[in-house]
Amino acid sequence: MPDDYTNQGQIAQADFDKKVIIYWWLQAVGLMLSTVILIPFIPFWLVIGYFFHQKQFDHLSCVLTDRSINIRSGLIFKKQQNIPLDEITDLSIMGGPFLDSLGISKISIETAGSTPFPLTGVANAEKFRDVVLQHRDQGMQQQFTVVRIVQHVTLMQMQQQMMDHVIFQQQA
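Note that this is a predicted model, so its numbers are computed, not measured.

Visitor: Break down the pattern of salt bridges for me, with residues and values.
Guide: Counted under the stated rule, the structure contains two salt bridges. Across the salt bridge formed by R129 and D130, the nearest N and O atoms sit 3.2 Å from each other. Residue class for R129 comes out partly exposed when judged on its relative accessible area of 23%. With a shortest N-O distance of 2.8 Å, R136 and D137 are connected by a salt bridge.

Structure below.
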């Protein structure tokens, strides 16, 4: 990944387990089996599907910066999502029989008013989740401190204006 604006202030990067390639490959085969029209393509997919998903894996990244989580994915249709840390409401880790049998998990990044952003195959998902939530909470604490300082300064300015007004009225 090129070092550009979205990677400035990089704190951590998610590593992905290569077993996610098998997961995607089997998911595609399952989809083909579920539709009668695609069943004839299964032998073709069994041969080239793995290599397609290998390339898909090579174009997948997730970077935690001091401001956001930046996700890049897609081989044919490229997608980049920048999720501000202060908008993250939850990071859920999901499993299930199929994911568990491969030893991988899925992280769902949830924000207020938006559909969750799924990340399948993140290695050490619990550790990555904890780092993201820790930095989100630190950022929120800093914002809260700044707001309190601004409120205090504003209150002091208002008090000074009131005192100036009282003094002006006494002199008049």
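Let's pick the thread back up.
Visitor: Hey, could you go over a nonpolar patch on the surface for me, with residue numbers and the actual values?
Guide: On the surface, I22, L26, Y50, F51 and F98 cluster together into a nonpolar patch covering about 450 Å² of accessible area. Listed by contribution, the elements that provide at least two residues to the nonpolar patch are α1 (19–34) and α2 (42–58). One can find I22 in helix α1.

Visitor: I'd like to hear about the packing of α1 against α2, residue by residue, with values.
Guide: The axes of two packed helices give the description: the angle between them and the distance between them. Taken N-terminus to C-terminus, the directions of α1 and α2 make an angle of 140 degrees; their axes are 9 Å apart at the nearest point. Here the hand of the crossing between α1 and α2 comes out right-handed. Each of V20, I21, I22, W24, W25, A28, V29, M32 and L33 in α1 lies in contact with α2, whose residues at this interface are I42, W45, L46, G49, Y50, H53, Q54, Q56 and F57. The residue inventory of the contact of α1 with α2, partitioned by class, reads 14 nonpolar, four polar and no charged.

Visitor: Mind laying out α2, listing which residues take part and the relevant values?
Guide: An ideal rise of 1.5 Å per residue puts 24 Å on 17 residues; α2 measures up with 23 Å between its terminal C-alpha atoms. Bending of α2 peaks at approximately 50 degrees at the position of I48. Lining the buried residues of α2 we find α1.

Visitor: Please set out the sheet that holds strand β7 (residues 117–120) residue by residue, giving values where relevant.
Guide: One open sheet holds the three strands; their spatial order is β5-β6-β7, and the pairing between them is antiparallel. Looking along the sheet, the strands with just one partner apiece sit at the ends: β5 (88–94) and β7. The mean inter-strand angle of the sheet, taken between neighbouring strand axes irrespective of direction, is 15 degrees. Across four bridges, strand β6 (residues 106–111) lies against β7 in antiparallel orientation. Note that in β7 the partner of S108 across the bridge is P118.

Visitor: Got a sec to walk through the packing of aromatic side chains? Specific residues and values, please.
Guide: The final tally for this structure, using the stated rule, is three aromatic pairs. Judged by centre distance (5.4 Å) and plane angle (40 degrees), the rings of Y23 and F98 are tilted. You can see Y23 sitting in helix α1 and its partner F98 sitting in helix α3 (residues 97–102), a full 75 residues away along the chain. What makes F98 partly exposed here is its relative accessible area of 38%.

Visitor: So what's going on with the layout of surface pockets? Residues and values would help.
Guide: Volume-wise, the largest pocket comes out at about 460 Å³. Lining the largest pocket are 20 residues, with W24, Q56, L60, S73 and P118 sitting closest to its centre. For the lining of the largest pocket, the elements supplying multiple residues, two or more each, are α1, α2, β3 (68–73), β4 (79–84) and β7.

Visitor: Describe in detail the side chain of Q81, supporting the description with residues and values.
Guide: Along the chain, Q81 falls in strand β4. When its relative accessible area of 19% is taken as the criterion, Q81 is described as buried. Setting aside residues no more than four positions away along its own chain, Q81 makes contact with I69, N70, I71 and F117.

What counts and how
- Residues numbered from 1 in each chain as written.
- Predicted model: local features only at pLDDT ≥ 70, side-chain atom pairs only at ≥ 80, totals over all residues.
- Heavy atoms only, no water.
- Salt bridge = Lys/Arg side-chain N within 4 Å of Asp/Glu carboxyl O.
- Buried < 20%, exposed > 50% of the residue type's maximum accessible area, 1.4 Å probe, protein only.
- Patch = residues over 30% accessible without salt bridge, like charges linked within 9 Å, V, L, I, M, F, W, Y side chains within 5 Å.
- Areas by Shrake-Rupley, 256 points an atom, 1.4 Å probe, with all protein chains shown as cover.
- Helix = DSSP H or I, 4+ residues; strand = E, 2+ residues; numbered from the N terminus.
- Axes fitted to C-alpha atoms, helices over the stretch in contact; angles between N-to-C directions.
- Left-handed = near helix turned anticlockwise from the far one by under 90°.
- Contact = heavy atoms within 4.5 Å.
- Nonpolar A, V, L, I, M, F, W, Y, C, P; charged D, E, K, R; others polar.
- Expected span 1.5 Å × (residues − 1).
- Bend = angle between axes of the 7 residues up to and from the residue.
- Pairing = 2+ DSSP bridges.
- Phe/Tyr/Trp six-rings, centres within 6.5 Å; stacked < 30°, edge-to-face > 60°.
- 1 Å grid on protein atoms, 1.4 Å probe; cavity = no way out; pocket = protein on both sides within 12 Å on 5 of 7 lines; lining within 4 Å.
- Points joined across faces, edges and corners; volume = space filled by probe spheres on them.

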